[in-house]
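# Fold and contact review
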Amino acid sequence: MPGERVVSLVTLGCGRNEVDSDELAARLGDAGWKLATEGAPADVVVVNTCGFIETAKKDSIDAMLAASGTGARVVAVGCMAERYGKELAEALPEAAAVLSFDDYPSIGERLDDVVEGRAVSPHTPHDRRKLLPLSPVERPAAVAGHVPGHQVTRQRLGGGPIAPVKLASGCDRRCTFCAIPSFRGAYVSRKPDEIVAEAEWLAGQGVRELLLVSENSTSYGKDLGDISALDKLLPRLAAVVDRVRVSYLQPAELRPGLIEAIAATPGVAPYFDLSFQHASGPVLRRMRRFGDRERFLELLDRIRAIAPSAGVRSNFIVGFPGESEEDFAEVLEFVSAARLDAIGVFGYSDEEGTEAFTFESKLDSVTISSRVETLSLLAHEMCSRRAGERIGSTIEVLVGDAGHGWAAHQAAEVDGQVTFTGTAPSPGDLVRAVVTGTEGINLVAETG
């Protein structure tokens, strides 16, 4: 391959995409590609797209158009590229190639093709759930290990003391509003030893907190024949780094043993990222989810009986087809009583390929926007009140590069932060501090 070829990676979306980009960077390095420094020109810009909701798709399109303006060839990968394939390629001629997840192992060769002018045919999307056996326990024999031989195939693109680690890929749930399982595929857990090996490698890179990510962390191990596999994995990871945080928990699958493991294992943040989505039983059933306001409050009581200061965040979709005023009132009552630390509010939007796309009784955009505003204002008020309950308490804060940090109940970048009075500790420090005030959901604290 003549000359040095330079690639830049742009990552959008969630922590799962961050890990994918790290792995793509390592594969590209092995194939002879040099990673561009920030702001430097590149021969190819790889945009790792998000395809979850309409706003995320727009951000992905904007990123690809911006990259094309630099004069580099643009290659789309990630969820939006996987979900739309040929359709995206036809709609966005600025992209030199639209690649599938199946292209990841040979990503270097695909970029060689792009630079050398060889045609790279976009894939035709298909339902990836059909690629593996229906029974989870039959899947390990059908797929190779995530990282064969427990070798780490990853190059950190981001810095700082916190890094995401992928527990699993795919999802077996059939939520009527969500298209992710169709393009991410069926649920496949990584083997525990592989995850521990990656944790050890990250610790050697200066990482002090691991954020465990997947489409549904509560399902971890079901295809390995051990539904309590995460309960056993957490202490192993906590022996490698200072703090372990679990994300993407399904309330209906949160077993007592896993609650105990998260709430009471030393080194594991007592933090519950619970995807409630709604609080009305009828709406949740239409979403093909389970629970209601009373059951969710009982779940929170069980968590706080073990860890009274546990952090809890959640997301809610309002304006789902058929949502009545009474249904919406259930969400407002739940949020008023739940003492949540952080809340994301989303207005329902149609996603093609989902069951909800075909539902009748759609709400108009004015009603949805009004309910989003109402719940968002209440969420801010209640989360700020919850933050105020922490004044006077002692917290353990992991300090980031910008001088602020995150307590055990705060996931970085999404749940607020801790700022310090006086001189801030050094980046990467893990310090104890006393909460002296709040600014919305953010805490103000001073070290001893």
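Since the model is a prediction, treat every value here as computed from it, not as a measurement. (Residues numbered from 1 in each chain as written. Predicted model: local features only at pLDDT ≥ 70, side-chain atom pairs only at ≥ 80, totals over all residues. Heavy atoms only, no water.)

### Structural notes on helix α13 (residues 365-388)
For clarity, the threshold we go by: Each helix corresponds to a stretch of at least 4 residues labelled H or I by DSSP, and each strand to a stretch of at least 2 residues labelled E; elements are numbered beginning at the N terminus. Every helix has an expected span of 1.5 Å times one less than the residues it contains. For the exposure calls, accessible area comes from a 1.4 Å probe over protein chains only, and a residue counts as buried if that area is under 20% of its type's maximum, exposed if over 50%, partly exposed in between. By the criterion applied in these results, polar contacts are pairs of N or O atoms within 3.5 Å in which, for protein atoms, one can donate a hydrogen and the other can accept it, and in which residues neighboring in sequence qualify only through two side-chain atoms.
The terminal C-alpha atoms of α13 lie 34 Å apart, and with 24 residues this matches the ideal 34 Å at 1.5 Å per residue to within 8%. Buried within α13 are the following residues: Ile 368, Arg 371, Val 372, Leu 375, Leu 378, Ala 379, Met 382, Cys 383, Ser 384, Arg 386 and Ala 387. For α13, the N-terminal capping position is held by Asp 364, with its side-chain oxygen 3.1 Å away from the main-chain nitrogen of Val 366.

### Points about the pattern of salt bridges
This is how it is decided: Criterion for a salt bridge: a side-chain nitrogen of Lys or Arg within 4 Å of a carboxyl oxygen of Asp or Glu.
Taken as a whole and assessed by the stated rule, the structure comprises 40 salt bridges. Notably, a salt bridge pairs Arg 5 with Asp 112, separated by 3.7 Å at the nearest N-O pair. A residue pair is termed long-range when its members are at least 10 positions apart, and Arg 5 in strand β1 (residues 5-11) and Asp 112 in helix α5 (residues 107-115) qualify at 107 residues. A relative accessible area of 16% means that Asp 112 is categorised as buried.

### Observations regarding the packing of helix α8 (residues 229-238) against helix α9 (residues 256-264)
Keep this limit in mind: Interaxial angles span 0 to 180 degrees and are taken between N-to-C directions of axes, which are lines fitted to C-alpha atoms, for helices over the stretch in contact. Roughly parallel means an angle under 35 degrees; roughly antiparallel means over 145; roughly perpendicular covers 65 to 115; every other angle is labelled oblique. In this scheme, a crossing is called left-handed if the near helix is turned counterclockwise away from the far one by less than a right angle; it is called right-handed if the turn is clockwise. The contact criterion used throughout is that any non-hydrogen atoms of two residues lie within 4.5 Å.
Between α8 and α9, the shortest axis-to-axis distance is 9 Å and the interhelical angle comes to 10°. Overall, the two elements α8 and α9 adopt an arrangement that is roughly parallel. For the crossing formed where α8 meets α9, the hand is left-handed. On α9, the residues touching Leu 230, Asp 231 and Leu 234 of α8 are Gly 257, Leu 258, Ala 261 and Ile 262.

### Overview of unusual backbone geometry
Its identity is not glycine, yet Arg 288 carries a phi of approximately 60°, on the positive side. As for its position among the elements, Arg 288 is in the loop between α10 (281-286) and α11 (293-306). What makes Arg 288 partly exposed here is its relative accessible area of 38%. For Ser 361, which is not a glycine, the phi torsion comes out positive at approximately 60°.

### Focus on the state of the cysteines
Which entries qualify depends on this criterion: A pair of sulfur atoms, both from cysteines and within 2.5 Å, is called a disulfide here.
This structure, assessed with the given rule, holds 0 disulfides. The cysteine Cys 14 is free of any disulfide, with Cys 50 supplying the nearest cysteine sulfur at 6.4 Å. Unpaired in this structure, Cys 79 has its nearest cysteine sulfur neighbour in Cys 50, at a distance of 6.1 Å. Classification of Cys 79 as buried rests on a relative accessible area of 11%.

### Considerations on the sheet that holds strand β4 (residues 73-77)
The condition that has to hold: Think of it this way: DSSP has to see at least two bridges between two strands before they count as a pair.
Pairing is parallel in the open sheet, where 5 strands are placed in the order β2-β1-β3-β4-β5. What marks the edges here is a single partner per strand, and that holds for β2 (33-35) and β5 (95-98). The sheet shows a mean angle of 30° between the axes of neighbouring strands, taken without regard to direction. As paired elements, β1 and β2 share 3 bridges and run parallel to each other. The residue of β2 that forms the bridge with Val 6 is Lys 34. Together, β1, β2, β3 (44-49) and β4 form the strand contacts of helix α1 (residues 15-30), whose direction differs from that of β1 by roughly 175°.

### Remarks on the side chain of Glu 215
Note on placement: Glu 215 falls in the loop between β9 (209-213) and α8. A distance of 3.3 Å separates the side chain of Glu 215 from the side chain of Arg 16, its partner in a polar contact. Separated by 3.0 Å, the side chain of Glu 215 and the backbone nitrogen of Gly 170 make a polar contact. Excluding residues within four positions of it along the chain, Glu 215 makes contact with Arg 16, Ala 168, Ser 169, Gly 170, Cys 171, Ile 180, Arg 184 and Tyr 248.

### As for the sheet that holds strand β6 (residues 162-166)
Where strands meet in a sheet, backbone hydrogen bonds hold them as pairs that are either parallel or antiparallel. Strand order in the open sheet formed by 3 strands is β6-β9-β10, with parallel pairing between adjacent strands. Of all strands in the sheet, those bounded by a partner on one side alone are β6 and β10 (243-246). Going from strand to strand, the sheet's axes swing by 25° on average, the running direction of each strand aside. The pairing of β6 with β9 spans 5 bridges and is classified as parallel. When the sheet's bridge partners are listed, Ile 162 is paired in β9 with Glu 209.

### Brief notes about the packing of aromatic side chains
Worth spelling out the cut-off: A pair of Phe, Tyr and Trp rings is counted when the ring centres sit within 6.5 Å of each other, with Trp represented by its six-membered ring. The angle between the planes then sorts it: under 30 degrees is stacked, over 60 is edge-to-face, the rest tilted. Only lysine NZ and arginine CZ atoms are considered, and such an atom sits over a ring when it is within 6 Å of the ring centre and within 35 degrees of the ring normal.
Evaluated as defined, the whole model comprises 8 aromatic pairs. Measuring from ring centre to ring centre gives 6.0 Å for Phe 296 and Phe 334, while their planes differ by 65°; the resulting arrangement is edge-to-face. Of this pair, Phe 296 sits in helix α11 while Phe 334 sits in helix α12 (residues 325-338), and the two are 38 residues apart along the sequence. The rings of Phe 276, Phe 296, Phe 316 and Phe 334 are connected pair by pair, giving a single aromatic cluster. The residue whose ring lies beneath Arg 16 is Tyr 248, and the NZ or CZ to ring-centre distance is 4.4 Å. Lying across the ring of Tyr 271, Arg 245 places its NZ or CZ 4.6 Å from the centre.

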